[in-house]
Every structure is written in structure tokens, then in C-alpha cells.
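Here is how the chains run, residue by residue.
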Amino acid sequence: MRDDQKNVAQKTAAHREDESLKFYFTPVDPPGPDTDNPHAKSSTLVEDILATLEEEFGEDILEKRAYAGEHEAIVAKDRIVDICRFLKEEEGFDYLVDLAGVDRFTEEERFEVLYNLVNVERGKRVRLRIRVDEDDLSAPTLTGVFMGAGWNEREVYDMLGIRFDGHPDMRRMFMPEDFEYYPQRKEFPLLGVPGSLPLPPQTPEGELTMDPFAAAHGSKPRKSYDEPRSDFEQLG
Amino acid sequence: MSIAPSFVGADLGQQFRFWPRHNEALYKRLESKHAWLEQELHEGDGEPRVDIRDPLGNEMILNMGPQHPATHGVLRCVVQMDGELVERAVLDIGYLHRGIEKLAESKTYQEFMPYTDRMDYLSPYSNNVAWCLAVEKLAGIEVPERAQWIRTMMCELARISSHMLWLGVGLMDAGAVSVFLWTFQGREDIYKIFDEVAGARFTVSHSRIGGIASDLSPSSIAMLKDFVDRYPDVIQGWRDLLNRNRIWIDRNLDIGTITAEEAKELGLTGSNLRGSGVPYDVRRFEPYLKYDDVDFNIPIRTEGDCLARYHVRMEEMLESIKIIKQCLERLPEGKIRADDAKAAYPSKEEVYYSMEGMIHDFMYTDTGVTPPKGARAYHAIEAPKGELGFYLESDGTGRPSRVHINSPSFSNLQALEYMMEGESVADVVVLIGSVDPVMGEADK
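Definitions and limits used
Residues numbered from 1 in each chain as written. Chains lettered and ligands numbered in written order. Predicted model: local features only at pLDDT ≥ 70, side-chain atom pairs only at ≥ 80, totals over all residues. Helix = DSSP H or I, 4+ residues; strand = E, 2+ residues; numbered from the N terminus. Buried ≥ 20, exposed ≤ 12 C-beta atoms within 10 Å, placed from the backbone. Contact = placed C-beta atoms within 7 Å. Domains from an automatic or database assignment. Nonpolar A, V, L, I, M, F, W, Y, C, P; charged D, E, K, R; others polar. Core = buried A, V, L, I, M, F, W, Y, C linked by C-beta atoms within 7 Å. Pairing = 2+ DSSP bridges. Axes fitted to C-alpha atoms, helices over the stretch in contact; angles between N-to-C directions. Parallel < 35°, antiparallel > 145°, perpendicular 65-115°, else oblique. Left-handed = near helix turned anticlockwise from the far one by under 90°. Expected span 1.5 Å × (residues − 1). pLDDT = per-residue confidence, 0-100. Bend = angle between axes of the 7 residues up to and from the residue.

**Re the overall build of chain A**
Within chain A, the regular secondary structure consists of five helices and seven strands. Moving toward the C terminus, one meets the helices and strands of chain A in the order α-α-β-β-α-β-β-β-β-α-β-α. Going through the 236 residues of chain A one by one, you find that 33% of them count as buried. Contacts spanning at least 24 positions in sequence make up 47% of the contacts within chain A whose residues lie at least 6 apart.

Structural data, given as C-alpha cells:
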């Protein structure tokens, strides 16, 4: 083997060892209070409101952050209902626009729940978030303050498995109750779990379809009627 | 042999072979909703000897949907009726759940854009723009002026198209068939414009991160001009006809009334919220694109019934035409996409005739935009159905680590459950039409 060929062979072998072609993007600039963002809105500059919250609730406001002209606060899980009630009754944030869950997967406190509140008169939007630990998958419900939180909390429960204590109707939102997984979690496979969700039978009297890709796997559905025998068969 | 379905009250576990636990939970919810009513009736030790609430057995549970043409898609309404009145209603959604939030986490930002077409499939252009704006906010990408004007114009066109469908279908629910044909004629004209502008009639996918895919051709501008010249009269004609139509007014007046406080409490959004007198429109609340540069009104009604929502949407269509007119007048010359290989696709000329262009195109398709690690942003637009917001989180790669879609139909449907209660069963269909849900968006 020629020297240059050996070189190539070695390189390839070394490469095989770590088995994957890795591609790093190295985006390292940490997100700061990026106010030159061309899409930043004045409605989300709510430093004063977060300062008021800090005065009122002190250490329960755990952290304040800003990115792209959006100020937000991480607050203690147990106090979220009090904080939202304070915002609604004292500060006029009486419209809950959005409530969502986030899976941070490898982080310490794995799940987060976001609350997006709007004050229509003052034109302000504030975002709060709480952190939920994987060992204690529950959060206080906001339905006592905003009735509209009901379905959003059900959605978070359905997708991530966070239960909301005191929720009047803690059913799944999109998936049927017979489904036993929480699909939005990072460890749930994108293609789903085979057999986890039976589909309707293919004939009126047939069995439930356990494999949704049955046809691709070579199974032929039974017909609901008897086909007349072909001439060829009659001839024997 | 399959088990013959029987009415509720039988053994629920045996009744449904398909998703038994789901249906059981649904009916339990229907029973336990407003449970305080029974608690007052049940005295002391619990179970009453006769059914006090329904001694004559008037009650009936009706499943409307998920495959009922009047439910606008695959909405399932389980209503408990006393005679003709709806006593309790539970909505069951999720029959069109495709997990697009999950899908988005495995795609690059640009790759996900065609999926947004399939969310609110009555106004794909607005969804494209909403997604692109959210990504641009997350990554701090500036969009050229001309692209912003074109986006504004097309979003308004999408609003008109969506409201036209709402009008035609809503009237068909109430029993008038002819309006459906007229509004679909209008939608056909809008399809033709989209076809000329984007190359697709329906799922346009015309917006790109950092701009739009292609510039307007002279013929598409001519078509737009023709549209805005003709349609104010056409829409006014529909209004003249319907505003004095006895049947239409009677079917809508005082149906599904929601006060401003209730609307906020329930999280209603869009025209439904403004029909109740809450002046909340994202175009004014936090102006995006060119909405602070154009002159338009935001129609508001305070009655909060179906008729108010009808008026709001009809006036919105006329305001949208006003916006498109101004956009056409003030459309500046210039680029249609950001001139930055890290932010937007290069033009096709660059791709075909230069090596750098081809590399950039490849890199953009493969990796795309990479917002900084830990970046998070929420951007909302006023879609035809209401506030459509995307909350994005980045982990520094070309794929979002979390995408949350705040879809207006989802918020509106929750309030629909409360609106239905107390109305008669014939009005349920009108109510669904009046709230204007799209299941593709509500089910995500």
C-alpha cells in the first residue's frame, strides 16, 4: 500500500471509531437584553411591572431575564396563583393569552410552564414562568383566577404530563384517555409507539387495528362482503 | 358481531369498543359539570330516590360530530339536552391532532414553514407570515421594506378570504345556500391572485425567513387592483342583503351572548373578542409589519352576540380592502429578501450562477438560521381568527428546541363550550359558525 493511501485508510478508520459525522454550529453569543432587535415591541418592555412584583413578593421572584425586548420573570411555583391574582386585580392584567409547557430535558428542573398575560388598557404583555421538577410533576392550577386557563392546562397535562392541582377537569386535551404516553416529551419517539393507540376496525365486525401500518406490513384487510367466485374458480 | 350502541346510562365500559376510557371520561365530565346544581338538590345522605332533575325523562344526550358537516371539520360536541335546550355541553377535540409542535422540533426553521399552511388552512398566508416573523424575532433578522409591504397586503387578502368562507358557510348553516356560492366566487378570485403571486392557489408557502419567495409580477398587481376596485361594492351588496334579512337577524340576535368580562375571562380572541367590546387587536396592540403606517379602523361591537360578531367581520373585510389599497399605492421598490446568507435564502440567480450562492443555498437548507443558545421569543399576529402567536426557544442549533403555537381557534372553542349552554339545539350550529373555528389549528 502506498504511503498516501495508508494515510487515507487510517483517517477513515479513525473516523469510523467515533461513528458519526458531527457538525458543530458554535453559536456562542449569549442572549442578552437585545433591544436592537428589529421586531422588538414596546408592549413587552415591562421592567417596571416586574419591579412592582419584586417589591410585593420579594424572594418569590426568582430570576428576571430579557431577550429581544421581552422581559420575563421566573417565579416560585407555589406562589404563581397569588402573583397572577395580584397582576389581575392590582395591575389590570386581566386577559390570559397563553399558557404553555416546556421540556428542558437535560436541565436540573426539567419542566417549565409559561404564563402570558396581557393588559389591554395599558398595552402591556408580561410573561411569567415556573419550574416543575420531574420528581414532583404538579403545579397549582390557574383556573381559579382565569377560567380560560382550563384547556391550556389540559393541553400541558396531555403533552408533558404535568398535573395541575385543583383543576376541575383534568382530562387529556388532544389524545384519548387510552393513550399512556406524554408525546411532547423529548424522549418520546417522533414516529410514535406502535400499538399504543388502537385504530378502528377495518370491517364492521373486525377486530381493532393495533398496527396502524398494517397494509405496509403485508396484512390484507378482510372484506365485509363475500365476493362471487370467479369463473376460473368455478371451472375448478 | 359488533355491540349495538345504546343510550347513556348503560354500562359505558362495554358500550364502546374503541377508546373506551376516553368516552367514559367524556361522559363522566358531562355528568359532573356544574355539579353544585345537584348538590343542592341532593339532601343530606346523598342519592335521591327519584331523579329530581329529570322526573319525566326528557333528557337526551346528543353526539354532534366529529363527522358532521356543520361542525366545520372534526369537532365533536356532546350535548345534554332538556327538550330542545342545551343544558350542558362538552367539546371533544383532537381528532385532527398531528403533533405539529413535536414535528417542528425535528425540522429546521425554514422546513417547518409549509406545515403552517396546514394549520389554519383557510388563510395559509397569515400563518406563514406569523411563523417567519417569530423566527425573525428570535434570530434578530431584519426584513426589507418591500417584503414587509407585500406581506401586509397578502395577510389582509388572506383575512378577506377566510371571512368570505366564514360568511358563506355560516349562512349555509342557517339555511341560505346562495351566499355560499357568491362568497366562493370571491374566494376563487383570491385564489387566482395567490396563484399569480405565489404559484399555488391554496397552500401558498410564499413567505420566507428574511423576506418572501418571489416578487409581485405586473399582472398580479393588476389583479390586486382589480380586486380592490370591485369588491367593496360586492361586500356592501352582501351586507345590504343580510342586514335587512329577517331570517338571518332572527337566527343571530341575542344568540350566544358574551359580555366583555366573560370574553376576557374565557380567553376569547379575534373578532369574537371585539364583538364583545374588548378593543384588543394585535395590529394595534403591538404593531408588526406595516400596520402602524397604514390608516384603518378596528371595528368593535359591544353586544357580544352572534349578530355583533357578524357585523365585526363584515366591517373587517372592508377595512382590509382599505389596507390593501394603501399598500398598493405605497409599495416601494427594493429587495424582497434580506441580503445575508446567514439569515435568508440567496436569490435563484446567485444560486445558479455563482459558487458562493450555491454553497449558501446548501448551507441554508441544511442548517438554516441558528439563533443564539437560550434565545426565546414570542411573536403574535392578528390572524383572521384572532391572535396567532408562536413561542420559540432555541438551543443554538438550526432546529428549535421548543415551539408552542398559541392558536386562536383553540382559545375560541373553549369559550364555545360555555356559549352553547342555555341555547337551543338549532342555534348550536349557528354558534359554531359564528365562532369560526378551524380544527386544523385548534388540534395542532
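**Brief notes about the overall build of chain B**
When you go through chain B residue by residue, the secondary structure sums to 19 helices and eight strands. By residue count, 50% of the 444 residues in chain B fall in the buried class. The contacts of chain B with a sequence gap of at least 6 include a subset with a gap of at least 24, amounting to 68%.

**A short note on the domain arrangement of chain B**
All names here are of chain B. For chain B, the assigned domains are domain 1 (12–92) and domain 2 (100–442). Just the C-alpha atoms count here: the centres of domain 1 and domain 2 sit 36 Å apart. Taken together, the contacts link 18 residues of domain 1 with 17 residues of domain 2. Secondary-structure elements contributing two or more residues to the side of domain 1 that touches domain 2 are β2 (76–82) and β3 (85–92). For the side of domain 1 that touches domain 2, the element with the most residues is β3, which contributes seven residues. Of the residues contributing to the side of domain 1 that touches domain 2, the split by class is 12 nonpolar, three polar and three charged.

**Digging into the nonpolar core**
Leu-117 of chain A together with Val-135 and Leu-431 of chain B are the most contacted members of the largest nonpolar core, which totals 168 residues. Per-element accounting of this core gives the leading share, 16 residues, to helix α7 (residues 145–174) of chain B. Excluding residues that lie within four positions of it along the chain, Leu-431 of chain B makes contacts with Ile-255, Gly-256, Cys-306, Leu-416, Met-419, Met-420 and Glu-423 of chain B.

**Brief notes about the sheet that holds strand β5 (residues 124–132) of chain A**
All names here are of chain A. On the basis of which strands lie adjacent, the open sheet formed by five strands has the order β1-β2-β5-β4-β3 and mixed pairing. Pairing within the sheet leaves two strands with one partner each, and these edge strands are β1 (61–67) and β3 (95–103). On average, adjacent strands in this sheet sit at an angle of 20° to one another, irrespective of strand direction. The pairing of β3 with strand β4 (residues 111–119) spans eight bridges and is antiparallel. Looking across to β4, one finds that Gly-101 is bridged to Val-113. Helix α3 (residues 80–89) rests against β2 (70–75), β4 and β5 of the sheet, and its axis sits at about 170° to β5. Sheet strands in contact with helix α4 (residues 149–160) are β3 and β4, and its direction is about 5° off that of β3.

**Here we look at the interface of chain A and chain B**
The partner chain B presents 57 residues to the 46 residues of chain A that form the contact. Elements supplying a minimum of two residues to the side of chain A that touches chain B: β3, β4 and α4 of chain A. If you tally residues by element for the side of chain A that touches chain B, the top one is β3 of chain A, at six residues. Grouping the amino acids of the side of chain A that touches chain B by side-chain chemistry returns 26 nonpolar, eight polar and 12 charged.

**Notes on the packing of helix α9 (residues 218–243) of chain B against helix α14 (residues 306–330) of chain B**
Residues and elements named next belong to chain B. At a minimum axis distance of 10 Å, the contact between α9 and α14 shows a crossing angle of 155°. On the basis of their axis angle, the class for α9 and α14 is roughly antiparallel. Handedness of the α9/α14 crossing: left-handed. Together, Ile-221, Leu-224, Lys-225, Val-228, Tyr-231, Pro-232, Ile-235 and Arg-239 of α9 and Met-314, Met-317, Leu-318, Ile-321, Ile-324, Lys-325 and Leu-328 of α14 make up the contact between the two elements. Looking at the contact of α9 with α14 residue by residue, the class counts come to 12 nonpolar, no polar and three charged.

**Some details on the sheet that holds strand β1 (residues 59–64) of chain B**
All names here are of chain B. Spatially, β1-β2-β3 is the arrangement adopted by the three strands of the open sheet, whose pairing is antiparallel. Both edges of this open sheet fall to β1 and β3, since each of them pairs with a single strand only. Along the sheet, successive strands turn relative to each other by an average axial angle of 20°, direction set aside. Two strands pair when backbone bridges link them, and β2 and β3 are joined in this way by seven bridges, in the antiparallel orientation.

**Regarding α7 of chain B**
Under the 1.5 Å per step criterion, the end-to-end length of α7 of chain B is 44 Å for 30 residues, consistent within 8% with the ideal 44 Å. Gly-175 of chain B, located one to two residues past α7 of chain B, shows a positive phi value of around 110°.

**Observations concerning the pairing of β2 of chain B**
All names here are of chain B. Sheet topology places β1 next to β2; six bridges connect them, and they run antiparallel. Bridge assignment links Glu-59 to a residue of β2, and that residue is Asp-82. The loop that links β2 with its antiparallel partner β3 comprises two residues; one of these, Gly-83, has a positive phi angle of about 65°.

**Digging into the confidence of the model for chain B**
Residue and element names in this part refer to chain B. Scored by pLDDT, chain B comes out at a mean of 86, with 90% of its residues at no less than 70. Confidence over residues 1–15 falls short of pLDDT 50; this stretch has 16 contacts with residues more than four positions distant or in other chains. Segment residues 37–43: pLDDT under 50, and five contacts once partners within four positions in sequence are set aside and those in other chains are kept. Scoring the predicted complex yields pTM 0.85 and, for the interface, ipTM 0.86.

**Some details on α9 of chain B**
Residues and elements named next belong to chain B. Under the 1.5 Å per step criterion, the end-to-end length of α9 is 37 Å for 26 residues, consistent within 8% with the ideal 38 Å. Along α9, the sharpest kink reaches roughly 35°, centred on Tyr-231 and followed within four residues by the proline Pro-232. Within α9 the residues assigned to the buried category are Met-223, Leu-224, Phe-227, Val-228, Tyr-231 and Ile-235. On its buried face, α9 is in contact with α8 (178–198) and α14.

**Remarks on the confidence of the model for chain A**
Per-residue confidence for chain A gives a mean pLDDT of 80; residues scoring 70 or more make up 76%. Of the regions scoring below 50 in pLDDT, residues 7–18 of chain A engages in zero contacts with residues more than four places distant in sequence or in other chains.

**Side note on the domain arrangement of chain A**
One frequent convention defines the size of an interface as the accessible area lost when the parts assemble. Annotation of chain A at the domain level lists domain 1 (34–188) and domain 2 (190–219). One C-alpha centre belongs to domain 1 of chain A, the other to domain 2 of chain A, and the line joining them spans 37 Å.

**What about the packing of α8 of chain B against α9 of chain B?**
Between two packed helices, the angle of one axis relative to the other and the distance separating the axes together describe the packing. Residues and elements named next belong to chain B. Close contact between α8 and α9 brings their axes to 10 Å; oriented N to C, the two are set at 165°. The orientation of α8 with respect to α9, classified from their angle, is roughly antiparallel. By crossing handedness, the relation of α8 to α9 is classed as left-handed. Across the interface between the two elements, Val-179, Trp-182, Gly-186, Asp-189, Lys-192, Ile-193, Glu-196 and Val-197 from α8 touch Ser-219, Ser-220, Met-223, Leu-224, Phe-227, Tyr-231, Val-234 and Trp-238 from α9. For the contact of α8 with α9, the class distribution of residues is 10 nonpolar, three polar and three charged.

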